[in-house]
Amino acid sequence: MGRKGLGVVTTEPIRSGTMVIGYYGRPKWIWSIPEDQRNFCVQVDYDRYVMPRRGSFGWYVNHSCDPNCVIRGPGRIIAWRDIRRGEEITFDYSTNVGWEPYEMKCLCGAKSCRGVVRSYFHLSSTIRQKYGRNISAYLLGRRTPHAVHLLYS
Ligand SMILES: [Zn+2]
């Protein structure tokens, strides 16, 4: 993982389509989560996040701009292709984040690295098409929740 710190590596091959990690738990309001822990959460609605158990795999899964997994539903991490033994498990955080001001410097090292990870709404149409419906369920919804209007108005 190098500069990225900790990550999750598979000790067994994983076939495309297999569920790898699930984020479960009661969604919490963003502002009730300590700031230093928000990066470990998965977003399940515009203002709601699920925090994985500290130290669990979900806590440590890193972002990649060229990931081997995708997110489906509120928080299921699914293998997007066959994954070899010893590969790091990654998904694209931008397919989960709907928080407009979100910005994280990317250290994924992929050829297609975007340099900065931002919200889904900053992805190019080409990248959005590549992921299709393999994004967080709440991002598939058309309506913008009232809470977001309040935050941005
Ligand atoms: Zn990257």
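These remarks concern the structure in this document. (Residues numbered from 1 in each chain as written. Predicted model: local features only at pLDDT ≥ 70, side-chain atom pairs only at ≥ 80, totals over all residues. Heavy atoms only, no water.)

**Observations concerning the environment of Leu107**
Alright, step 1. Here Leu107 shows up in the loop between strand E9 (103-105) and strand E10 (116-118).
Alright, step 2. It is 9.8 Å that separates the C-alpha atoms of Leu107 and Asn62, two residues lying 45 residues apart in sequence. (Helix = DSSP H or I, 4+ residues; strand = E, 2+ residues; numbered from the N terminus.)

**Some remarks on the coordination of the zinc ion**
Alright, step 1. Within the protein, the zinc ion binds to Cys65 (SG), Cys106 (SG), Cys108 (SG) and Cys113 (SG); these donor distances fall in the range 2.2 to 2.4 Å.
Alright, step 2. Here the donor residues of the zinc ion share one chain and are spaced in sequence as C-x40-C-x1-C-x4-C. Note that Cys65 is positioned in the loop between strand E5 (62-63) and strand E6 (69-72) and Cys106 in the loop between E9 and E10, a separation of 41 residues in sequence. (Donors = N, O, S within 2.8 Å, 3.2 Å for Na, K, Ca; no water.)

**Describing the layout of surface pockets**
Alright, step 1. For the largest pocket, the calculated volume is near 660 Å³.
Alright, step 2. Surrounding the largest pocket, 31 residues form its lining, Asn39, Phe40, Tyr93, Tyr102 and Met104 being those nearest its centre.
Alright, step 3. Elements with a minimum of two residues in the lining of the largest pocket: strand E3 (42-45), helix H1 (57-60), E5 and E9.
Alright, step 4. Among the elements that make up the lining of the largest pocket, the one with the highest residue count is H1 (3 residues). (1 Å grid on protein atoms, 1.4 Å probe; cavity = no way out; pocket = protein on both sides within 12 Å on 5 of 7 lines; lining within 4 Å. Points joined across faces, edges and corners; volume = space filled by probe spheres on them.)

**Looking at the sheet that holds strand E7 (residues 76-79)**
Alright, step 1. With antiparallel pairing, 3 strands are arranged side by side in an open sheet as E1-E7-E6. Sheet topology places strand E1 (19-22) and E6 at the edges, where each strand pairs with a single neighbour. Averaged over all pairs of adjacent strands, the angle between their axes in this sheet comes to 30 degrees, without regard to strand direction.
Alright, step 2. Of the strand pairs in this sheet, E1 and E7 are connected by 3 bridges, and their pairing is antiparallel. Bridged to Ile21 within E7 is Ile77. (Pairing = 2+ DSSP bridges. Axes fitted to C-alpha atoms, helices over the stretch in contact; angles between N-to-C directions.)

**Brief notes about the environment of Tyr138**
Alright, step 1. You can see Tyr138 is positioned in helix H3 (residues 137-140).
Alright, step 2. Within the structure, Tyr138 has its side chain in polar contact with the side chain of Gln43 (distance 3.2 Å).
Alright, step 3. Within the structure, the side chain of Tyr138 is placed 2.7 Å from the backbone oxygen of Asn96, a separation counted as a polar contact. (Polar contact = N/O pair within 3.5 Å; in protein donor to acceptor, adjacent residues only side chain to side chain.)

**Considering the sheet that holds strand E4 (residues 48-50)**
Alright, step 1. With antiparallel pairing, 3 strands are arranged side by side in an open sheet as E2-E4-E3. The open sheet terminates on both sides in strands that have one partner only, identified here as strand E2 (28-29) and E3.
Alright, step 2. Alignment of E3 against E4, held across 3 bridges, turns out to be antiparallel. Counterpart to Asp45 in the pairing with E4 is Arg48.

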